[in-house]
Amino acid sequence: MAYTEIPSSVAAFMRRITDLCGEEHAGWAENFNACFANTLTTTVNRHDDGTTFLLTGDIPAMWLRDSTAQLRPYLPIAAGDDDLAAMIEGLVRQQFRFITIDPYANAFNETPSGASWDKDDRSDFSSPWLWERKYEVDSLCYPIQLAWLLYANTGRTSQFDDEFVAGVRRILDVFETERDHTDSPYFFERDCDLPTESLENNGKGSPVAVTGMTWSGFRPSDDACTYHYLVPSNMFAAVVMGYLERIFGGDVLDDPTIVARAADLRRSITDGIARHATTTNRDGETIWAYETDGLGHYNVMDDSNVPSLMAAPYLGFCEPDDPTYLATRRTLLSDENPYYYEGKYLRGIGSPHTPANYVWPIALAIEAMTGDDHDYKAQVLDRLVATDAGTHLMHEGIDVNDPTKYTREWFSWSNMMFCELVMDYFDIRVKR
């Protein structure tokens, strides 16, 4: 079943935000309320078995990544609403059920319908549950993050069931295997003319060295990696391995083997980032690359989808005043990043996934939340409200010179990042 009306706790929270915004920021409140309600009423399906399925929005499938981001801003309310917490737990259970079906898949069907993004996908694994099988490191990080955040914000532990444990073991298997991709069974080929939709070298991707990091076929945008050690996704993986150490190290469960495996991966990935993922910008400062292959090639850029380099403090990998992060941030917010755009209405980071000169609300929200300028957060919120094309919802990308041009009428992940920025402005944050 879907939500046909807004839960009373959510309605009360929306009234609280409206009061905090006051007359000065009435536009923020109007958009917040529209976005905050939209996810519950258009994307959530609760099943009789207690699981929850979340549509990504305009596509009839659930992404492991997007579904987590879509529910994250409700966590502060879930602490006082057991039914809302149960709905979020239901998503965790569904995510780990999917992971046990195939840990290399990024998106799934609500039923084993056999529907898919592209029937021409060529892979060594097929299941009627799979919508798409693009392997992305972050797809395995987000469900761990949500399980941990649900515990950290509500004290709830029933999500840590046998299926969760089985899914965690599958995740560890994949991350360990993908430290040396030559041992991997995974490949992905799609018969199309877009190079971002398929992996070269018979679907195995371009060559990489063994670095201690874990390999990713695709970015969080679902675009193929240029070099397959995707640095922000490895940062995220290191963070969630820390969560597993705590979950299985006595905070909730007791499994020394899982703790040891997670700790080994965390150390290996963190060391790999330090040794192989830094380069210099044009001013000679040490920065993190977006991607590397461990063979001396670096991709200096950022993408709007999270995990991103800009989001490193948001994910918990570093502090906002970390010197390497600050140098990286300066680079990303300059023309040294080929996907940084400035125009009449907006300036910020876009994506190779959308047209040139399109900035993403997700990236603007992350930029504001990882900075220390309260006034700038207000400026970003004002810009986002002013460029919503009268929809009161957030788009995927917006033309910096003409906000009537955008991709996606509404995008659930963007909606919730806008909400999270409003909450952040008023010091209402998800506990990590």
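The rules behind these values
Residue numbers restart at each chain and count upward from 1, following the sequence in its written direction. Owing to the predicted nature of the model, reporting of local features is limited to residues with pLDDT of at least 70; listing and counting of side-chain atom pairs is limited to 80 or more, with chain, interface and lining totals taken over all residues. The side-chain quantities take in all heavy atoms of the structure and omit both hydrogens and water. For helices the rule is a DSSP run of H or I covering at least 4 residues; for strands it is a run of E covering at least 2, with both sets numbered from the N terminus onward. Only the C-alpha atoms count toward the radius of gyration. The rule for a globule is 2.2 Å times the residue count to the power 0.38. Using a 1.4 Å probe on the protein chains alone, a residue whose accessible area is under 20% of its type maximum counts as buried, one over 50% counts as exposed, and one in between counts as partly exposed. By the convention used here, residues are in contact when the closest approach between their heavy atoms is within 4.5 Å. The method behind every accessible area is Shrake-Rupley, applied with a 1.4 Å probe, and residues are considered shielded solely by the protein chains displayed. Positive charges are assigned to Lys and Arg, negative charges to Asp and Glu, while His and the chain termini are left out of the count. Charged groups are reduced to one reference atom each: NZ for lysine, CZ for arginine, CG for aspartic acid, CD for glutamic acid. Strands are treated as partners if at least two bridges between them are detected by DSSP. Patch members must show over 30% relative accessible area and no salt bridge, and they are joined within 9 Å when carrying like charges or within 5 Å when they are nonpolar side chains of Val, Leu, Ile, Met, Phe, Trp or Tyr. The working definition used for a salt bridge is a side-chain nitrogen of Lys or Arg within 4 Å of a carboxyl oxygen of Asp or Glu. Here pLDDT means the predictor's own confidence in every residue, given as a number from 0 to 100. A pair of Phe, Tyr and Trp rings is counted when the ring centres sit within 6.5 Å of each other, with Trp represented by its six-membered ring. The angle between the planes then sorts it: under 30 degrees is stacked, over 60 is edge-to-face, the rest tilted. The rule for a charge over a ring is simple: NZ of Lys or CZ of Arg within 6 Å of the ring centre, and within 35 degrees of the ring normal. Two N or O atoms form a polar contact when they lie within 3.5 Å of each other; inside protein one atom must be a possible hydrogen donor and the other a possible acceptor, and for residues adjacent in sequence the pair counts only when both atoms belong to side chains.

Chemist: Just to check I follow, could you spell out the overall build of the chain for this structure?
Modeler: Regarding its fold elements, the chain presents 15 helices and 15 strands. The C-alpha atoms of the chain give a radius of gyration of 20 Å, which matches the 22 Å a tight globule of 432 residues would have. Principal-axis analysis of the C-alpha atoms places the extent of the chain at approximately 60 × 55 × 45 Å. Of all 432 residues assigned to the chain, the portion counted as buried reaches 61%. For the chain, restricting intrachain contacts to residue pairs at least 6 apart in sequence, the fraction spanning at least 24 positions comes to 67%. Of the roughly 15700 Å² that the chain leaves accessible, carbon and sulfur atoms contribute 47%. The centroid of the 35 positive side-chain charges in the chain is displaced by 3 Å from the centroid of its 68 negative side-chain charges.

Chemist: What is the right way to look at the pairing of strand β15 (residues 402-407) in this model?
Modeler: Looking along a regular strand, one sees side chains alternate from face to face of the sheet. Taken together, the three bridges between strand β14 (residues 397-399) and β15 define a ladder with antiparallel strand orientation. Paired with Gly397 across the strands is Thr407, a residue of β15. Two successive antiparallel strands, β14 and β15, enclose a turn made up of two residues.

Chemist: Even after reading the chapter, I still don't get a negative patch on the surface, so can you show me in this structure?
Modeler: A cluster of acidic residues, Glu319, Asp321, Asp372, Asp373 and Asp375, forms a negative patch at the surface. Take Asp372: its relative accessible area is 79%, and that puts it in the exposed class.

Chemist: Help me understand the side chain of Thr328, please; the structure alone is not making it clear to me.
Modeler: Its place among the elements puts Thr328 in helix α12 (residues 323-332). When neighbours within four sequence positions are excluded, Thr328 is seen to be in contact with Ile287, Trp288 and Leu309.

Chemist: What should I look at first to understand the sheet that holds β14 in this one?
Modeler: The strands making up a sheet are joined through hydrogen bonds of the backbone, oriented either antiparallel or parallel. Strand order in the open sheet formed by three strands is β13-β14-β15, and the pairing between neighbours is antiparallel. This sheet does not close on itself; its edge strands, each paired only once, are β13 (358-359) and β15. As defined by bridge partners, β13 adjoins β14 across two bridges and the pair is classed as antiparallel. Bridge pairing in β14 links Val359 to Ile398.

Chemist: Which parts of the structure should I look at to understand the confidence of the model for the chain?
Modeler: Keep in mind that low pLDDT regions are not for reading the predicted coordinates in detail. With 99% of its residues at a pLDDT of at least 70, the chain reaches an overall mean of 96. Element-level mean pLDDT values for the chain span from 94 in helix α8 (residues 200-203) up to 99 in strand β6 (residues 229-230).

Chemist: It is not clear to me how the packing of aromatic side chains should be interpreted in this structure. Could you clarify?
Modeler: The geometry of two aromatic rings is summed up by the distance between their centres and the angle between their planes. Scanning the entire structure with this criterion turns up 27 aromatic pairs. Centroid distance Phe32 to Phe36: 4.8 Å. Interplanar angle 20°. Geometry classified as stacked. One end of the pair is Phe32 and the other is Phe36, both in helix α2 (residues 26-42) and four residues apart, which spans about a single turn. Each of the two residues, Phe32 as well as Phe36, counts as buried. The structure contains a cluster of three or more aromatic residues connected by ring pairs, namely Phe96, Trp148, Tyr151, Phe160, Phe164, Tyr243 and Phe248. Of note, Arg408 hangs over the ring of Phe411, and the distance from its end group to the ring centre comes to 4.3 Å.

Chemist: Just checking my understanding: could you explain the environment of Glu89 for this structure?
Modeler: Structurally, Glu89 is set in helix α5 (residues 82-101). Separated by 197 residues in sequence, Glu89 and Thr286 place their C-alpha atoms 41 Å apart. Only 2.8 Å separates the side chain of Glu89 from the side chain of Ser158, close enough to count as a polar contact.

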